[in-house]
Amino acid sequence: VVWIVCLHPSENFIDSYPTKMFEYMLAGLPTVVSHFPTWTKIVNHHQCGISVDPRISKEIAEAITFYYDNHDTVIQAGRNGKKAVQENYNWQSEEKKLIELYSRL
């Protein structure tokens, strides 16, 4: 199974952190995401997904086909994504940043 988070480029999405992407990663599923800089950086750094231009259906289809043809990559990307959320993208790790911000204010 591969999850797709391909939102069209709009001001609301480009610099956001999509909750759904992290939920899919935590579930151990590789993702196909819009090629926004923040999202691309996350999936590339953690090797847990593929970023595509959400307006080009051929790119989305090629990413899905790649995962369909590469079962071992699906498993490893899923593990990588789950580990990334458990170690980096969770409330415990964000708590420190938030407390730091409050103390500076």
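The preceding data block contains the structure.
Our subject in this report is the structure included herewith. (Residues numbered from 1 in each chain as written. Predicted model: local features only at pLDDT ≥ 70, side-chain atom pairs only at ≥ 80, totals over all residues. Heavy atoms only, no water.)

1. Regarding the overall build of the protein
When helices and strands are tallied, the protein shows six helices and three strands. Each of the three principal axes of the protein carries a C-alpha extent, and together these read 50 × 30 × 20 Å. The contacts in the protein between residues at least 6 apart in sequence include a share of 50% that link residues at least 24 apart. With an accessible surface of roughly 7,100 Å², the protein has 55% of that area assigned to carbon and sulfur atoms. One way to put it: in the protein the 10 positive side-chain charges average out to a point 5 Å from where the 12 negative ones average out. (Helix = DSSP H or I, 4+ residues; strand = E, 2+ residues; numbered from the N terminus. Contact = heavy atoms within 4.5 Å. Areas by Shrake-Rupley, 256 points an atom, 1.4 Å probe, with all protein chains shown as cover. Lys, Arg positive; Asp, Glu negative; His and termini not counted. Charge placed at Lys NZ, Arg CZ, Asp CG, Glu CD.)

2. A closer look at the packing of helix 4 (residues 57–69) against helix 5 (residues 71–87)
The geometry of helix 4 relative to helix 5 is characterised by a closest axis approach of 5 Å and an angle of 100° between their N-to-C directions. As summarised for this structure, helix 4 and helix 5 are arranged roughly perpendicular, according to the angle between their axes. Here Phe66, Tyr67 and Asp69 of helix 4 come into contact with helix 5, specifically with His71, Thr73, Val74 and Ala77. Among the residues forming the contact of helix 4 with helix 5, the class breakdown is four nonpolar, two polar and one charged. (Axes fitted to C-alpha atoms, helices over the stretch in contact; angles between N-to-C directions. Parallel < 35°, antiparallel > 145°, perpendicular 65-115°, else oblique. Nonpolar A, V, L, I, M, F, W, Y, C, P; charged D, E, K, R; others polar.)

3. Concerning the pattern of salt bridges
The tally for this structure, following the rule as stated, stands at four salt bridges. Of the charged contacts in the structure, one is a salt bridge between glutamate 62 and lysine 58, with a shortest N-O distance of 3.9 Å. Within this pair, glutamate 62 and its partner lysine 58 are both found in helix 4, separated by four residues, close to a single helical turn. The exposure class assigned to glutamate 62 is partly exposed, which follows from its relative accessible area of 45%. (Salt bridge = Lys/Arg side-chain N within 4 Å of Asp/Glu carboxyl O. Buried < 20%, exposed > 50% of the residue type's maximum accessible area, 1.4 Å probe, protein only.)

4. Regarding the pairing of strand 3 (residues 49–52)
One ladder, built from four bridges, connects strand 2 (residues 31–34) with strand 3; its direction is parallel. Residue pairing in the sheet places threonine 31 in a bridge with glycine 49 of strand 3. Note that the unit made of strand 2, helix 3 (residues 37–46) and strand 3 has a crossover that is right-handed. (Pairing = 2+ DSSP bridges. Right-handed = clockwise from strand over helix to strand, strands pointing away.)

5. Description of the layout of surface pockets
Taken as a whole, the largest pocket holds about 400 Å³ of empty space. The wall of the largest pocket is formed by Tyr17, Thr19, Phe22, Glu23, Leu26, Val85, Asn88, Tyr89, Asn90, Trp91, Glu94 and Lys97. Among the elements of the structure, helix 2 (19–26) and helix 6 (91–104) are those that each provide at least two residues to the lining of the largest pocket. Considering every element that reaches the lining of the largest pocket, the biggest residue donor is helix 2, with four residues. A breakdown of the residues in the lining of the largest pocket according to their chemical character gives six nonpolar, three polar and three charged. (1 Å grid on protein atoms, 1.4 Å probe; cavity = no way out; pocket = protein on both sides within 12 Å on 5 of 7 lines; lining within 4 Å. Points joined across faces, edges and corners; volume = space filled by probe spheres on them.)

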